[in-house]
Amino acid sequence: MGITTDRRREPGDQPKTGDQPEPARRGRRRPSWIVAGCFAVWTLERLAGVEQGSFDIQLMTLTPYAVVATALLTVLFLFRNRRAALVTAVSCATLAATVAPRAIPPAAPAAAAAPGPVLRVLSVNLFGRADAAAVVRLVRAYDPDVFSALELTHREAAALDAAGLGALMPYRVLQAERDSAGSGLYGKHPLTELTGLFTVIGHNMPAATITLPGGTTAQVVAVHPHPPLGRRAEEWTASLEALPPPSPRVTRVLAGDFNASLDHRAFRDLLARGYVDAAEESGEGLVPTWPNGRAVPPFITIDHVLVDRRAAVGRTEILDVPGTDHRGVLAELRLPPAG
């Protein structure tokens, strides 16, 4: 009698992978489709700029991490669901195309070839309790022409002067408060307060004209809208829309805590009006600025210096500031020649 290898499967036998019924395979692939679909929606929202509501707006801030996540998921799904892997691969490539240019420095600093005077701008959200002596050390080290100070309380303003800021930057347009609503501009050179330049929505946002040696002027605004949390999401959008556009007559600089990143439609619309982001222009656009000095390291970029695109951006540095939950931004700008 011949030996046969064919036998009926007993009730307790486990089926081979290839023998799994179609419903079982579909069930095993469903989680990967759900995840891939979520990132596909994220990608479409980012491209179309249609984020709505507080959750969506905050989620967009994490877009650089979505590039990493979709790359890892693509590798994982190759072994489980190749069609889902294709979806995450497309999402990864698309998001990377929007994010990667921020980390690419120019071949040569544009400011080196620009003919106008240099304007150094420092912006720090002081959180009402930044180490005043450390802030003054930064001012001595980097020698900014203008300092945009956000969340400037009366106590912090007094501490800065006591630490020596008054001797370094004797000119100021301050709108300090008892809480986070305060802001101010400090100048190494004369500052003239500007009123009625735009409708302020959010925290105090003083504006001033700085006159550099030689007579060149620039306008600087200390920017600080409320964060887009809960019902304030619409107010945040309106605040960014209300900021003044560039002027054909004078170089305009917006410096501060925008509570916005380059992945927000409202912020990109502001840039499209004629501004450039100094950090992005110098290849530092992915360096996070918040939160700082906490157990969790900084992971989002919401502090910026924007300048009229007619100006040239030299170096940009992201600076640690003890005592505050934000990093500072220092931008070296070469202004266009007057006239």
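These numbers were taken from a predicted model, which means no experiment stands behind them. (Residues numbered from 1 in each chain as written. Predicted model: local features only at pLDDT ≥ 70, side-chain atom pairs only at ≥ 80, totals over all residues. Heavy atoms only, no water.)

**Q** Explain the sheet that holds strand S2 (residues 146-150) to me, please; I cannot follow it from the model alone.
**A** For sheets, the rule is that strands pair by backbone hydrogen bonds, running either parallel or antiparallel. Pairing is mixed in the open sheet, where six strands are placed in the order S3-S4-S2-S1-S12-S11. The strands lining the two open edges of the sheet, one partner per strand, are strand S3 (171-175) and strand S11 (312-319). Neighbour-to-neighbour, the strand axes of the sheet open up by a mean angle of 10°, direction not taken into account. Note: S2 against strand S4 (residues 183-187), five bridges, orientation antiparallel. Bridging from a neighbouring strand, Ser148 pairs with Leu185 of S4. Of the strands in this sheet, strand S1 (118-125), S2, S11 and strand S12 (328-334) are in contact with helix H5 (residues 132-142), which crosses S11 at around 150°. (Pairing = 2+ DSSP bridges. Helix = DSSP H or I, 4+ residues; strand = E, 2+ residues; numbered from the N terminus. Axes fitted to C-alpha atoms, helices over the stretch in contact; angles between N-to-C directions. Contact = heavy atoms within 4.5 Å.)

**Q** It is not clear to me how the packing of aromatic side chains should be interpreted in this structure. Could you clarify?
**A** The geometry of an aromatic ring pair is captured by two quantities: the separation of the ring centres and the angle between the planes. Within the structure shown, the criterion is met by four aromatic pairs. Measuring from centroid to centroid gives 5.7 Å for Phe39 and Trp42, while their planes differ by 5°, and the two rings are stacked. Note that Phe39 and Trp42 are positioned in helix H1 (residues 22-48) at a spacing of three residues, about one turn of the helix. Here the two residues Phe39 and Trp42 agree in accessibility, since each one is buried. Note on Phe147 and Tyr186: the rings are 5.7 Å apart at their centroids and 25° apart in plane angle, and the pair reads as stacked. Here Phe147 is found in strand S2, whereas its partner Tyr186 is found in strand S4, with 39 residues between them in sequence. Here Tyr186 falls in the buried class, since its relative accessible area comes to 0%. (Phe/Tyr/Trp six-rings, centres within 6.5 Å; stacked < 30°, edge-to-face > 60°. Buried < 20%, exposed > 50% of the residue type's maximum accessible area, 1.4 Å probe, protein only.)

**Q** So what exactly am I meant to see when it comes to the pattern of salt bridges here?
**A** Between side chains of opposite charge, a pair can form when the charged atoms approach closely. For the coordinates displayed, the defined rule picks out eleven salt bridges. With its nearest N and O atoms 2.9 Å apart, the salt bridge here joins Lys188 to Asp143. Here Lys188 is found in the loop between S4 and strand S5 (191-194), whereas its partner Asp143 is found in the loop between H5 and S2, with 45 residues between them in sequence. The shortest N-O distance in the salt bridge between Arg265 and Asp269 comes to 3.0 Å. (Salt bridge = Lys/Arg side-chain N within 4 Å of Asp/Glu carboxyl O.)

It is worth stressing that arrangement in space is one thing and function is another; only the former is reported here.
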